Amino acid sequence: MTLLVSAQALEERRAVARGALAPLANGLRRELEPLLAGGVDIPAEKAMLSRAGGRCDRDGTLLEYDPFDARHRCPQCGKEVVGVEHDRFRLYWHHLWLAERVLHGALLGRLLDDPACTALAGQLLDRYAERYLAYPNLDNVLGPSRPFFSTYLESIWLLQLALALDLLEDDGAHGELGGRVRDRLIAPSAALVASYDEGMSNRQVWNNAALLAAGRLLGDEAMVGRAVSGNSGLHEHLRTALLADGSWYEGENYHLFAHRGLWYGVLLSEQAGVQLPSALASRFMDGFAAPFRTVQPDLTYPSRRDSQYAISVRQPRFAESCELGLARGDDPRLVGMLARLYDPSVPRTRVDRARTSADVERNGPATGLTRADLSWRSLLVARESLPPLQVAPLASDLLPAQGIAILRRGERIYAALDYGHDGGGHGHPDRLNVLLMDGATRWFDDPGTGSYVDPTLHWYRSTLAHTAPLVDGRSQPRVHGSLVAFDAAPRAAWASGDVELSPGLHIRRSIVLLDDYLVDLLQWDGDAEHELALPLHGVDLVDEHDRPLPRVASPIEAGDGLEDGFDFLTTTARIGHSVEPIARVLGTRTTQGGTLARLRGWIRPAASTTWWSADAPDVPGRAGRVPLLLWRATGQRGAMAAVWSWSDAVTSVVVEADAIQVHRRDGRRDMHAAVASGWRIDLDAGGARETVILGGLARAPSVPATEESKEKRQPIALPATMSLGEAHYRRSESGWREAGAPRADVEIRATESHELVLTVTVAPSHRIFVPEDAVNALDNETAAINGDGVQLYARCEGREGAWLLVPRAADRSVAVHPIAGWKSGLSVSAEWHPTSKGYALTARVALPRECPVVELDLLVNETAPGRARRRGQLVLSGAKGEFVYLRGDRHDRRQLLRFTL
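Looking now at the overall build of the protein chain. When you go through the protein chain residue by residue, the secondary structure sums to 16 helices and 37 strands. Compactness check: the protein chain gives a C-alpha radius of gyration of 29 Å against a globular reference of 29 Å for 901 residues, within 12% of the reference. Principal axes of the C-alpha set define a box for the protein chain whose edges measure 85 × 80 × 50 Å. Across the 901 residues of the protein chain, 60% fall into the buried class. The long-range share in the protein chain, meaning contacts at least 24 apart out of those at least 6 apart in sequence, stands at 66%. Here the protein chain has roughly 33900 Å² of accessible surface; of this, 50% comes from carbon and sulfur atoms.

So this is what it looks like as structure tokens:
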């Protein structure tokens, strides 16, 4: 059958594997030798995700993975750790590593006529078929899975094994094995994957690829059709999630992961006889080059959104992305990047291909590369020989659909304005974020994200962790921004973006980059008065002698939501008045060469400005803290103008009316002003004046509504009684019936004393109540979320309250866990008692007298003996076929029901 390439193409690759790509084929073969000697068996357990598992308890670094050494060692500090949580997390890598080696064996056996490799692939595949159904589909984090804790991981694993089986069967000698593997592994695993559709997530890309491969092997045309043209199939991902500029909507990190999955999908669908529409084919091809367009001067990707921090392009899989693109057509952007990656003058460090785990590859250090470092994918499809490689200069660039503008001056000076797409579930609330680099020195940076199961996740997902504006002390709502202007000229480049961060409040940020300084203008205009704030990391307010201005320790009054970020700050203080009208700012960094670099800033703040300082968490992987300077101003409209110089070229700045004067150390003066045609710069060029007009004005699209907009539902009159059953159930691995048909009856009434009384009778229930002092070793959620209990959300006339209510097993009292992110103003009390089949809980919420309508929702968590995570929950407002994974105690305000008192 040959799923990825035709039988003829596979036959032709035999000569390539023995010729031009022999170093690659021979390297892969050498890496199989320990397995050929019988050194590894199939694990008997499934992988487990926990807070501690797989990371150093000293610095949070991901532990090393060695397929032949089960010890857990930190690559950064050298510490060795032990524990079942590390053993179980290691299986995540190990199952994937083994599946990829099955595929290596099948492909090398076919291309090199190597019966030992073929036999190895068959043996391991047969063992997995024997054990697959013994892995429990239980306690998963993100979708059903047997060997793993998330569905997409099983999809990647299944894809490798399906491709391996296809190659083994190509020689016509493995029919009996194929039948066993289809019945015991391919069919049940595909059914499990198909049961969990993740929409436009990058993970669904891999689910589709696995279902395409499995469907072809099983002869299931409906499965193939759904994976290609279903509502969340390959074509819809290419049409919607891969944006018009070829970038994946969740940012560079997830682009690289998702586009590799799309590559499988495209090849699999083509071999199934389904060709891409030309527009989608063109977009897919642009996707090979898209992430390289934003690369920083040190050849790292911007750590935008849920990215790992400062990941170097100089790694084998990024070179392979270029190779896979060039295998489908010429693209000078890919040729130019390969010239950098294959530069023989770059030192080689460590290439860990022998430890790679299928397509969930680990990031390594920057290294020099050759084609011999690539993977089996290149062995199968890469060009036999490459065109002449010539480095192409990196220039200013705009990805309009992604919504990021890259300004470059040569290849050393880099600034970016991240204004556009919100990035979906992996996006951060950082519209109008600014990045600034001088070579490898990072001045304004994006920290990306650390571990998903560490509390610092909430810091990195705050606006405060970025160089982006926040309104009224809270992280931004999840909205898209729009482009105002972009232009790049020989002497300067600029970008301007706009975003509505509160109804009627538009904020515009414009940056102008010259060779030795950056102009940054933040403006706002609203229908009402708001507080605007801008965090600046790694800098401080100083006097004319570069001494920090005096300050008084003081708490910062701002949002208290889990992801507003202020709870992560320490040593907060209010800074005394700066020298007017321009505030002086100084930042220092130690460069890679060990010298001290300085960033000087001149800021003209709004009239109502206050300045604050604090210490904030450093970037992921660094345990220390860094200084944070916070500018805050209040008004209906206003502006803040700043000039930043990293080369000591600027001595002073004057801001008058709409003009910004930049005085240089050599006596020259530059004048900047926003004009009708764009941005005007009058440069002093040795006594003569040169005028630069930056245009590139764009028509701004409409801005989507914020999260507070909601569908208006007809209110329900109180008292009310509602029964929750199958239509209200959010499931995990088990559906409602398989979970024992959990039910709950809810009675809601209001008393004359303006007290709202809710009685919830739950049956059946195992009454597994997690003690309030229990510690959750699995993830960031309150431990009690994984037992029986009730989540209650209420708001009325601007007052809110949200609580997790968990009965105490010892008496009839109820532990009340406040849920973060909801304003105060409402209070609750509760009690409970057991019933013959479950329990009943009564909660009382005190309401203000001026509250004619109250908005409510109520969720009943339920679990069963032997589980580590909750099994599901009943939702008063309805579940709509949803899953409970990753929801924690969070709830969408738009889902609350309205009740009249």
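Tallied over the entire structure, the rule returns 28 aromatic pairs. When the centroid spacing of 5.8 Å and the interplanar angle of 20° are considered together, the rings of Y132 and W157 count as stacked. Of this pair, Y132 sits in the loop between α5 (115–131) and α6 (151–169) while W157 sits in helix α6, placing them 25 residues apart in sequence. The exposure classification of Y132 matches that of W157, with both residues buried. When the centroid spacing of 5.3 Å and the interplanar angle of 90° are considered together, the rings of F769 and Y839 count as edge-to-face. Of this pair, F769 sits in the loop between β29 (755–763) and β30 (789–796) while Y839 is found in strand β34 (residues 839–846), placing the two residues 70 residues apart along the sequence. Through a chain of ring-to-ring contacts, three or more aromatic side chains come together here, namely Y152, W206, F257, W263, Y264 and W376.

Moving on, we get to the pattern of salt bridges. By the definition in use, this model includes 74 salt bridges. Sharing partners across several salt bridges, the network here consists of E11, R14, R18, R110, D113 and D170.

Under the 1.5 Å per step criterion, the end-to-end length of α6 is 26 Å for 19 residues, consistent within 8% with the ideal 27 Å. Along α6, 18 of the 19 residues are buried, which leaves the element largely enclosed by surrounding structure.

A pair of packed helices is characterised by two quantities: the angle between their axes and the separation of those axes. Their axes nearest at 10 Å, the elements helix α11 (residues 252–271) and helix α12 (residues 278–289) cross at an angle of 140°. Classified by the interaxial angle, the pair formed by α11 and α12 is oblique. For the element pair α11 and α12, the recorded crossing hand is left-handed. For the pair α11 and α12, contact is made by H255, H259, L262, W263 and V266 and by F284, G287 and F288, respectively. Its residues assigned to classes, the contact of α11 with α12 comprises five nonpolar, three polar and no charged.

What follows covers the sheet that holds strand β4 (residues 404–409). In space, the five strands of this open sheet follow the order β3-β4-β5-β6-β7, with antiparallel pairing throughout. Taken across any chain shown, the strands that pair with only one partner, and hence form the sheet edges, are β3 (397–399) and β7 (441–444). Neighbour-to-neighbour, the strand axes of the sheet open up by a mean angle of 15°, direction not taken into account.

Take the state of the cysteines next. In total, this model carries one disulfide according to the counting rule given. A sulfur-sulfur separation of 1.4 Å characterises the disulfide bridge that pairs C796 with C851. Between C796 and C851, the S-S dihedral sits near 135°, and the bridge is therefore right-handed. Note that C796 is positioned in strand β30 and C851 in the loop between β34 and β35 (853–862), a separation of 55 residues in sequence. For the residue pair C796 and C851, the accessibility class agrees, reading buried in each case.

Quick look at the confidence of the model for the protein chain now. Residues with a pLDDT of 70 or more make up 98% of the protein chain, whose mean pLDDT is 94. Note on residues 700–711: pLDDT is under 50 here. Beyond four places in sequence and across chains, it has 20 contacts.

Our focus in this paragraph is the sheet that holds strand β23 (residues 678–685). Strand order across the open sheet formed by five strands is β20-β21-β22-β23-β24, with antiparallel pairing between neighbours. Each end of this open sheet is capped by a strand with a single partner; those strands are β20 (650–656) and β24 (688–694). On average, adjacent strands in this sheet sit at an angle of 15° to one another, irrespective of strand direction. Across five bridges, strand β22 (residues 669–675) lies against β23 in antiparallel orientation. Bridged to A674 within β23 is W679.

In this chain, L718 is followed by P719 through a cis amide linkage whose omega measures 5°. Omega for the bond connecting A763 with P764 falls within 30 degrees of zero, at -5°, which places this linkage in the cis form. Along the chain, P764 turns up in the loop between β29 and β30. Phi at D113 takes a positive value of approximately 50°, unusual for a residue other than glycine.

Glancing now at the packing of helix α1 (residues 7–18) against helix α4 (residues 84–112). It is the contact of α1 with α4, at a shortest axis distance of 8 Å, that shows an interaxial angle of 85°. Here α4 runs roughly perpendicular to α1, going by the angle between their axes. On the side of α1, the interface is formed by L10, E11, R13, R14, A17 and R18, while α4 contributes L107, R110, L111 and L112. Tallied by class, residues from the contact of α1 with α4 come to five nonpolar, no polar and five charged.

This next bit is on the side chain of T572. Considering the arrangement of structural elements, one finds T572 in strand β15 (residues 570–575). Judged by relative accessible area, T572 falls into the buried class, the value being 18%. A polar atom in the side chain of T572 sits 2.7 Å from the backbone oxygen of S554. When neighbours within four sequence positions are excluded, T572 is seen to be in contact with A553, S554, P555, I556, S613 and A614.

By size, the foremost hydrophobic cluster in this structure holds 127 residues, and its most contacted members are Y92, W157, L185, Y264, L268 and L379. Top contributing element to this core by residue count: α4, with 15 residues. Every residue in contact with W157, bar those within four places of it in the chain, is listed here: H95, L96, A99, Y128, Y132, P147, F148, L185 and S189.

The rules we used
- Residues numbered from 1 in each chain as written.
- Predicted model: local features only at pLDDT ≥ 70, side-chain atom pairs only at ≥ 80, totals over all residues.
- Heavy atoms only, no water.
- Helix = DSSP H or I, 4+ residues; strand = E, 2+ residues; numbered from the N terminus.
- Rg over C-alpha atoms; globule rule 2.2 N^0.38 Å.
- Buried < 20%, exposed > 50% of the residue type's maximum accessible area, 1.4 Å probe, protein only.
- Contact = heavy atoms within 4.5 Å.
- Areas by Shrake-Rupley, 256 points an atom, 1.4 Å probe, with all protein chains shown as cover.
- Phe/Tyr/Trp six-rings, centres within 6.5 Å; stacked < 30°, edge-to-face > 60°.
- Salt bridge = Lys/Arg side-chain N within 4 Å of Asp/Glu carboxyl O.
- Expected span 1.5 Å × (residues − 1).
- Axes fitted to C-alpha atoms, helices over the stretch in contact; angles between N-to-C directions.
- Parallel < 35°, antiparallel > 145°, perpendicular 65-115°, else oblique.
- Left-handed = near helix turned anticlockwise from the far one by under 90°.
- Nonpolar A, V, L, I, M, F, W, Y, C, P; charged D, E, K, R; others polar.
- Pairing = 2+ DSSP bridges.
- Disulfide = S-S within 2.5 Å.
- pLDDT = per-residue confidence, 0-100.
- Polar contact = N/O pair within 3.5 Å; in protein donor to acceptor, adjacent residues only side chain to side chain.
- Core = buried A, V, L, I, M, F, W, Y, C linked by side-chain atoms within 4.5 Å.

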